[in-house]
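Examination of the molecular architecture
Residue-level listing of the chains:
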Amino acid sequence: MSVLARVLNTYLRLTEKRALAQATDIDALRRSFALRARLFFHGPFGTRYHWDTSGQVAVQWAAAHGIDRATGPLILYFHGGGYVFGSTNTHRAMMAALSKRSGLPVCLVEYRLAPEHPFPAALEDALAAYAAVSDRPVILGGDSAGGGLALALLGEILRKALPKPVGTFAFSPLTDMTFSGSSIIENEMRDVLLPAARIAEISDAYLGQTAPEDPRASPLFANFRGAPPFWLTVGSTEILRDDTIRLADCLRVQDVDVVAKVESDLPHVWPIFHNILPQARATLRDLSGWIRGQMDRA
């Protein structure tokens, strides 16, 4: 582990994990994350951001300098935040960095959040956003809960026999709302960001009366036979580590092409720290190479 990663892990454990463990006001949590994202996360010079509110769901485009968002292939991205906080603004800098490396524009979806809008509101918004761009080659992506949403969307695309995306990627995805993976307990103290004690509250806020085993909420239980390729990554000390490992195992059983990378001692969704963390930039470069490969084959 690099010195910067060690320093970042210590900072997250002492500040962010403690704040998440103690938070009681969702609006305050949303404002705090939005402020920190504005201060610390910055896209490459020349990045253009553009809001589009003309469709059923508002989206924000992030396109690196010289990339046309109006035509051609794109990345459709769903931000993390436990389905209760986060926004396209908090994640657009990371996606701008991915846009620069991959050569594709990124369309970030401003899906509705719980508890004001519980399941299936986010999935309905995801389907509407996908329908609006599915006439173009699409790479689906997301992180944490947004990664779970991207995977749940893919499950619905396959179930409904809709046009398939070219591929799907996810950073540290939440794939199992039953939280049955052994890493929830095994990494409870090792995870530098996510407090395991709050997972029941996240589940209650998002699911309401929906069974946590529902594959539309827990894509670990979805049928992905016939799916396009996957690219997944997670940190070895995350409480959600097994959400990725078990999903990758299920995909291989279903004869789906999957790249799954477990990185040592990196924090939850570390690519968001691309401004300061060399491993974050390396992960984005690796993912960008995979995306370009999928586009070449498509």
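Refer to the preceding data block for the structure.
The sections below set out a description of the structure shown in this document. Nothing here was measured: the structure is a model prediction, and the numbers come from that model.

Reading across from one edge, β1-β2-β4-β3-β5-β6-β7-β8 is the order of the eight strands in this open sheet, with mixed pairing throughout. Each edge of the sheet is formed by a strand with only one pairing partner; in this case those strands are β1 (48-52) and β8 (258-263). Each adjacent strand pair in this sheet contributes to an overall mean axis angle of 20 degrees, direction not counted. Looking at chain direction, strand β6 (residues 167-171) and strand β7 (residues 230-235) are connected through four bridges and run parallel. Along β7, the bridge assignment pairs F169 with W231. Where helix α4 (residues 121-133) meets the sheet, its contacts fall on β3 (74-78), β4 (106-109) and β5 (138-143), and the angle it forms with β3 comes to roughly 170 degrees. Sitting on the sheet, helix α5 (residues 145-159) touches β3, β5, β6 and β7, and the angle it makes with β5 is about 140 degrees.

It is worth spelling out helix α9 (residues 278-297) at this point. Here α9 spans 29 Å end to end across 20 residues, near enough to the 28 Å set by a 1.5 Å rise per residue. Three or more residues of α9 are buried, namely A280, T283, L284, L287, S288, W290, I291, G293, Q294 and M295.

So, about the packing of aromatic side chains. Counted by the stated rule, this structure contains eight aromatic pairs. Judged by centre distance (5.9 Å) and plane angle (75 degrees), the ring pair of F41 and F273 falls under edge-to-face. Within this pair, whereas F41 is found in the loop between α2 (26-40) and β1, its partner F273 is found in the loop between β8 and α9, the two being separated by 232 residues in sequence. Each of the two residues, F41 as well as F273, counts as buried. Aromatic ring contacts, followed pair by pair, group Y77, F169, F171 and W231 into a single cluster. A cation over an aromatic ring shows up here: R92 above the ring of Y49, its NZ or CZ 3.8 Å from the ring centre.

Turning our attention to the environment of D286. Inspection of the secondary structure puts D286 in helix α9. For the pair D286 and S102, spaced 184 residues apart in sequence, the C-alpha to C-alpha distance is 9.8 Å. Non-local contacts of D286, meaning those with residues more than four positions away in its chain, are made with W231 and K261.

At the junction of A114 and P115, the peptide bond is cis and its omega measures out at 0 degrees in the coordinates. Here P115 is to be found in the loop between β4 and α4. A cis amide bond links F119 to the next residue, P120, at an omega of 10 degrees. Tracing the backbone shows P120 in the loop between β4 and α4. Residue A161 is not a glycine yet carries a positive backbone phi of 55 degrees. As for its position among the elements, A161 is in the loop between α5 and β6. Residue A161 is classed as exposed on the basis of its relative accessible area, which comes to 67%. For F179, which is not glycine, the phi torsion reads 50 degrees and is therefore positive. Positionally, F179 belongs in the loop between β6 and α6 (183-186). Taking the relative accessible area as the measure of exposure, F179 reaches 15% and is therefore buried.

Within the secondary structure, R241 sits in helix α8 (residues 241-253). A relative accessible area of 12% places R241 in the buried class. Among the polar contacts listed, one links the side chain of R241 to the side chain of D242, at a separation of 2.9 Å. Sequence-distant contacts of R241, that is, excluding residues within four places in its chain, are made with S182, S183, E186, N187, V234, G235 and S236.

Conventions adopted
- Residues numbered from 1 in each chain as written.
- Predicted model: local features only at pLDDT ≥ 70, side-chain atom pairs only at ≥ 80, totals over all residues.
- Heavy atoms only, no water.
- Pairing = 2+ DSSP bridges.
- Helix = DSSP H or I, 4+ residues; strand = E, 2+ residues; numbered from the N terminus.
- Axes fitted to C-alpha atoms, helices over the stretch in contact; angles between N-to-C directions.
- Contact = heavy atoms within 4.5 Å.
- Expected span 1.5 Å × (residues − 1).
- Buried < 20%, exposed > 50% of the residue type's maximum accessible area, 1.4 Å probe, protein only.
- Phe/Tyr/Trp six-rings, centres within 6.5 Å; stacked < 30°, edge-to-face > 60°.
- Lys NZ or Arg CZ within 6 Å of the ring centre and 35° of its normal.
- Polar contact = N/O pair within 3.5 Å; in protein donor to acceptor, adjacent residues only side chain to side chain.

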